[in-house]
Amino acid sequence: MTKSRFRADGDQSRVSETSLDAFRLVRTGKTYDLSSGWWPGMPILPAHPPFQLMTYRSPPGVRNQRDLGFLVEDNQVNLSFVSEMLMCTTHSGTHIDALAHITCGPENCWHGGFSANTHLGDFGPLNKDASELPPLIKRGVMIDVPGALGVPHLAPHQPIRRTELQLALRRQGCEVKTDDVVLVRTGMMMDWPDAQRMEASAGAGLDLDGAEWLVERGVCAVGGDTVALEVVPSGRPGDPQPVHRYLIQEQGVLIMEWVFMEDLARDGVYEFLFICLPLSIKGATGSLIRPLAIG
């Protein structure tokens, strides 16, 4: 089994390395927010629960219930607060997958050969979970495939192989280097969050051939602007999500989905300082993220 490109020292320390060259990519300081935003009713993979948020405590409730002594006993200024309860999967909107997210084989093993039969508890995976996700402060490369093909977005179910990746990189005048974070644009999010209009490019994405080429280059993470990163259907009988299986479960390469790249494409920004700080949630198989690209 191939080792992960990251190291976790115990439960609390997540260690990664950042090349100082990544910081030298900052020229103007312009910062691009690559996140989707989150709200009840947002588009989400049907396999996941919907994103929900509800008010948990409110000024009227606190006042009427009188169950919080510090706001009841001596509060002439009528101080109060609003709080909420969030109910969602960590795979909502822009997110990163932990290495325990994908399992394969008769023993349902995730990366490293850990079986769900022996390493999955009532409160999530016992290792390779979101608490082991490292901060990502890396050189980022956005590969604009529709830009290279002269179209606004890819066609439905269009695969992105190494030939398309290489074509786009030649057009952009840049290359993929070891330890890069690579973002692959299909153009699907140009219509975000209109689910009906996004059907015009639904299912387009990275093919296994393209994923293998990126691993050959030594990337540490791959992001896409679609719900699943990879092309759907896979075109490989008996292997419904070969890119997830290969990148996460076999190679230990992190995957990000619903990464918004439209502003980068508009401004022709293809190389940048990439910053992503996953939430360290014990037992979670991913994390909501708000990645930034600084050019």
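Remember, predicted model here, so these are calculated numbers, not experimental data.

(A) Helix α4 (residues 162–172), seen in detail. Buried within α4 we find E164, L165, A168, L169 and Q172. Projected down its long axis, α4 carries its buried residues within an arc of 130°, all on one side. Along its buried surface, α4 packs onto β11 (136–144), α3 (145–149), β12 (159–160), β13 (181–185), β14 (205–206) and α6 (208–217). Phi turns positive, to about 70°, at G173, one or two residues after α4.

(B) Structural context of unusual backbone geometry. Residue P193 follows W192 across a cis peptide bond; omega there is 5°. Looking at the element boundaries, P193 is found in the loop between β13 and α5 (195–198). The amide bond that connects V232 to the next residue, P233, takes the cis arrangement and shows omega of -5°. Summarising the element assignment, P233 is placed in the loop between β15 (221–224) and α7 (242–251). Phi is positive for K128, which is not a glycine, with a value near 55°. On the secondary structure map, K128 appears in the loop between β10 (124–125) and β11. Here W258, not a glycine, exhibits a phi torsion of approximately 55°, which is positive. Tracing the backbone shows W258 in the loop between β16 (254–257) and α8 (262–267). By relative accessible area, which is 5% here, W258 ends up buried.

(C) View of the packing of aromatic side chains. One pass over the full model with this rule turns up 2 aromatic pairs. Seen in terms of ring centroids, W39 and W192 are 6.0 Å apart; in terms of plane orientation they differ by 70°. Their pairing is edge-to-face. Taken together, the positions of W39 in the loop between β3 (31–33) and β4 (52–57) and W192 in the loop between β13 and α5 put the pair 153 residues apart, joining distant regions of the chain. The class for W39 is partly exposed, based on a relative accessible area of 31%. The interplanar angle of 50° and the centroid separation of 4.8 Å between the aromatic rings of W192 and W258 together place this pair among those described as tilted. Placement of the pair is W192 in the loop between β13 and α5 and W258 in the loop between β16 and α8, with a sequence separation of 66 residues. Of the two residues, W192 and W258, both sit in the buried class.

(D) Representation of the environment of T94. Along the chain, the position of T94 falls in the loop between β5 (83–87) and β6 (95–97). Residue classification places T94 among the buried residues on the basis of a relative accessible area of 0%. Taking the C-alpha atoms as reference, T94 lies 30 Å from E107; in sequence the two are 13 residues apart. Those residues in contact with T94 that lie beyond four places of it in its chain are L34, S35, S36, W38, E257, W258, V259, S287, L288, I289 and P291.

About the criteria used
Residues numbered from 1 in each chain as written. Predicted model: local features only at pLDDT ≥ 70, side-chain atom pairs only at ≥ 80, totals over all residues. Heavy atoms only, no water. Buried < 20%, exposed > 50% of the residue type's maximum accessible area, 1.4 Å probe, protein only. Helix = DSSP H or I, 4+ residues; strand = E, 2+ residues; numbered from the N terminus. Arc of directions from axis to C-beta. Contact = heavy atoms within 4.5 Å. Phe/Tyr/Trp six-rings, centres within 6.5 Å; stacked < 30°, edge-to-face > 60°.

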